[in-house]
Amino acid sequence: MSKKLLIVESPAKAKTIEKYLGSDFTVKSSYGHIRDLEKGNDLGVDVQNGYLPKYVIPSDKNRTVRDLREAAAKVGEVWLATDEDREGEAISWHLCEVLGLDPRMTKRIVFHEITKNAIQRAVQQPRTVDMNIVNAQQARRVLDRLVGWELSGLLWKKVKGQLSAGRVQSVTVKLVVEREREIQAFNITPYFKIVAQFFAKNSQGKTVTFKAESPIRFEDPAGAEAFLQKCLGAQFAVSNIEVKPTRRKPAAPFTTSTLQQEASRKLGFSVNRTMSVAQKLYEEGFITYMRTDSTSLSELALQATEAEIVKQYGKNYHHRRQYKTKNESAQEAHEAIRPTYFERQNVSGNRDEQRLYELIWKRTMASQMADAELEKTIVDIEISTQPQNKLVAEGEILKFDGFLKVYLEGTDDEEDETAGMLPPLVKGQKLDLDDMTATEKFTRPPARFTEASLVKKLEELGIGRPSTYAPTISKIMEANRGYVIKDSREGEERVYQVFTLKNNAISKTKGKEITGTTKNVLYPTDMGMIVSDFLEGHFKKVMDYGFTASVEQEFDHIAEGKIQWPNMIDRFYKPFHENVEKTLKDAERASGERILGLDPETGRTVLVRMSKLGRPVIQIGTGEELDKKETPRYANLRPGQSMETVSLSEALDAFQLPRTLGEYNGETLEVNTGRYGPYVKYGSTFISLPKGEDPFDTTYERALELVKARLEADRPLGHYEGLPITKGKGRFGPFVKWADLFVNVPAKVNFDALTEAQAIELIKQKIDKEANRYIHHWPEEGISIENGRWGPFIRFKKENLKLPPVDGVKMTADMALSLTLADVKAIIEKEIPGAFTAKASGAKGKAAPKGKKK
């Protein structure tokens, strides 16, 4: 029997670590957090008693806690090995509280990588739980609960129910909103760029062309054309050549932020996907801890990198570097993200794991390699007819590839161009012109945020920490909040002018380009803009970037033991709470109403606003303009339209719905939009249009296609005992429906070719299974005893509980048959203390936040 129990956070991590420890240790997982602040209609924080948190064990963690308690009772000593960041430290403390351990005496080990040496070294150097770090995490959790609870309740009253706000999430939404408005307000101006193509012979004596540009940008077509006019009949010659050596240095090893950015650029991964894959790589022992803002490497890693670089590329490719972390408040970990073994270039995982691992391996290797050496050439070309102007050609030659042999960092700049090679040129050399163009270009607004560039901005502003980036971005994009969406949108066609000088003559042409196309970028929704404006108007301090960053610094001070966390919370909360109460009393409901003009048919006001259901609507007619029993006319915005930018003419176009498309089998076919979005109506059948399809663009043929698909899906597959059998696809996969019974169709059955006989067989199996399911069933109590795969068990609401043994023997179905309701309740009460202590609001469903009436 093992003498010690080691508790980690994840089962995958437990499995890997157990291989490296001897029989003295049993390794168990806590499956993440085992306690959290109380939820429901309780704030979860005792504001009157030093902001004392009210922690509870979530119902889905009761079994985990029970198993850990049983395991702890069987050993002489419990060790803790949760993650090394603040979340991990807090989990260790919660485990101490739940298992009755003394945090001042319980051994706690930390490691940056899951390798045999690292684990065994950590076991030799245990420490205890650092309560300063725990308190920093508690402060974050309590402050975020206080802010989220009070602001969310306020939004329920002043904007719409079910909305939420948060200390970090709300300023993140504000960043996206401000960027969108910056783009909308940007004044696009045209300019002309001069590019000439010259002939010259390369080193093999072959005639090639190279490019030269005018350093002057012309603001109007007249200036650009005049420049070309002056070049008619001109002689061109090389007036100066400047050759200078340059060096390129490799980027530092990955932090959490830079890994998320580079995985987005190079692999197309979302922030969540990156962190999920990185977590697996860490738990399997392939990389070091993936939540870090440090760029340093351990001495062992530096030596291992050097050995691998020298082995693969030679000594001249190695250059030892120790990067200094730019963020002085880096607290999450002590080393960059790197491979655990540099001789391993491939991992045994899925494709995502291999690609991300390869990225980490290359980046870390490159960080310890020599600079790339280049030779940059700048050539000035004089124009005989206008000596005051010149053309400039630039070229670059790679003399030594250095780190570029392995890795080149990506960039977010869409216009980033790499200079090519120039043919051999000498000063005074005459050049023959192929052609010269003056092409109309346009200034570009700032780019919309991607997930990765938003992480970069948050890091620059000091908002959040490595462990919070991914959950924050996921939170603001949740569908039920609807603040930010990730979308790809088509651009618009734009005409541009081109003047071309060729064969000593100037021609004028026009070209076309698509502008404004976006791919996987972040757009604020109308709701996101309204909520951001409301919070900015009433809570400037909470929405201030500098203040949010300063709060992070205070968390750092708590972790260092410099300040007491209740004092820090108190300084913020009291004035904040007063402001919430004042806003609740004085503020008007925020709807983002914007008057667009007058309806030419009725002369009534046309406006756009957010409805109480949370949908942006266009409205014709206000209360004072309408008769007593008359109601306004409403229409929905089209996909891609915004309340802030929709015009009067676009708004009036929206009232063209419903559109009658024709008839099919004697029934009218029409397209319209309603509470749940656009749809096709055929008789009494309603079919939702797929996401992204515009009801204004829906054709008769497309509507008919949707109708036929629905009719085919609704057509009975067959009959059983006189009742129809239908089939469909739901959130849990394909199914057949008969009476009130839904039966999952297993993967081995071809759903598309499902026959009546197969469906009947599945239904019979389901009926038999249901008949043998219950040993006892008390539906009014939400309690049952059921037959399970490993024997009978109790189902209490959403909980599955083991039946206790009888005289040391596992309880059988026959034994369970003799249990009464009172017996079962006693078992449940023992497993879940207080399970039948009803709260005042317990039977009424989920309560609203404070101040919100149900």
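Parameters at a glance
Residues numbered from 1 in each chain as written. Predicted model: local features only at pLDDT ≥ 70, side-chain atom pairs only at ≥ 80, totals over all residues. Heavy atoms only, no water. Helix = DSSP H or I, 4+ residues; strand = E, 2+ residues; numbered from the N terminus. Buried < 20%, exposed > 50% of the residue type's maximum accessible area, 1.4 Å probe, protein only. Contact = heavy atoms within 4.5 Å. Areas by Shrake-Rupley, 256 points an atom, 1.4 Å probe, with all protein chains shown as cover. Expected span 1.5 Å × (residues − 1). Polar contact = N/O pair within 3.5 Å; in protein donor to acceptor, adjacent residues only side chain to side chain. Pairing = 2+ DSSP bridges. Axes fitted to C-alpha atoms, helices over the stretch in contact; angles between N-to-C directions. Core = buried A, V, L, I, M, F, W, Y, C linked by side-chain atoms within 4.5 Å. pLDDT = per-residue confidence, 0-100. Parallel < 35°, antiparallel > 145°, perpendicular 65-115°, else oblique. Left-handed = near helix turned anticlockwise from the far one by under 90°. Nonpolar A, V, L, I, M, F, W, Y, C, P; charged D, E, K, R; others polar.

We now examine the overall build of the protein. Within the protein, the secondary structure is distributed over 21 helices and 34 strands. Along the longest, intermediate and shortest principal axes, the C-alpha atoms of the protein span 110 × 80 × 65 Å. A burial count over the protein gives 46% of its 854 residues as buried. A separation threshold of at least 6 residues defines the contact pool for the protein, and within that pool the share at least 24 residues apart is 67%. Per element, the accessible surface of the protein, about 44400 Å² overall, is 49% carbon and sulfur.

In a regular helix each residue adds 1.5 Å, so 28 residues correspond to 40 Å; helix α5 (residues 131–158) covers 40 Å between its end C-alpha atoms and thus fits that length. For α5, the buried fraction is high: 22 of the 28 residues fall into the buried class. Capping of α5 at its N-terminal end is provided by aspartate 130; its side-chain oxygen lies 3.0 Å from the backbone amide nitrogen of asparagine 132.

Before going further, it helps to examine the environment of leucine 821. Its location among the elements puts leucine 821 in helix α21 (residues 821–831). Classification of leucine 821 as partly exposed rests on a relative accessible area of 22%. Each C-alpha atom, one on leucine 821 and one on arginine 489, is 59 Å from the other, the two residues being 332 residues apart in sequence. When sequence neighbours within four positions are dropped, the list of residues in contact with leucine 821 reads Trp778, Glu781 and Ile783.

With antiparallel pairing, the four strands of this open sheet are ordered in space as β31-β32-β33-β34. Both outer strands of the open sheet, β31 (774–778) and β34 (799–802), are each paired with one neighbouring strand and no more. Averaged over neighbouring strand pairs, the angle between their axes works out to 30° when direction is ignored. Across six bridges, strand β32 (residues 783–788) lies against strand β33 (residues 791–796) in antiparallel orientation. Paired with glutamate 786 across the strands is phenylalanine 793, a residue of β33.

So, on to the nonpolar core. With 159 residues, the main nonpolar core has Ile287, Leu356 and Ile569 as its most contacted residues. The element contributing the most residues to this core is α5, with eleven residues. Discounting chain neighbours no more than four positions away, the residues touching isoleucine 287 are Ala278, Leu281, Tyr282, Ile337, Arg338, Pro339, Thr340, Tyr357 and Ile360. If you look at the next biggest cluster of nonpolar residues, it comprises 27 residues, including Phe210, Ala234, Phe236 and Leu425.

When the pLDDT values of the protein are averaged, the result is 89; 95% of them are 70 or greater. Considering only residues more than four positions removed or in separate chains, one finds that residues 839–854, a stretch of pLDDT under 50, has 14 contacts.

Two numbers describe how helix α6 (residues 169–185) lies on helix α13 (residues 466–476): the axes approach to 10 Å, and their chain directions differ by 70°. It follows that α6 is roughly perpendicular to α13 by the angle criterion. For α6 against α13, the interelement crossing comes out right-handed. Contacts between α6 and α13 involve Gln169, Thr172 and Val173 from the first element and Thr472, Lys475 and Ile476 from the second. By residue class, the composition of the contact of α6 with α13 is two nonpolar, three polar and one charged.

Taking burial as the measure, the five residues of strand β1 (residues 4–8) include four buried ones, the bulk of the element. Relative to strand β7 (residues 77–80), β1 runs parallel, the two being bridged by four bridges. Paired with leucine 6 across the bridge in β7 is tryptophan 79. Bridge analysis of β1 against strand β2 (residues 25–29) gives five bridges, and the strand direction is parallel. In the sheet register, lysine 4 faces β2, and the bridge partner there is phenylalanine 25.

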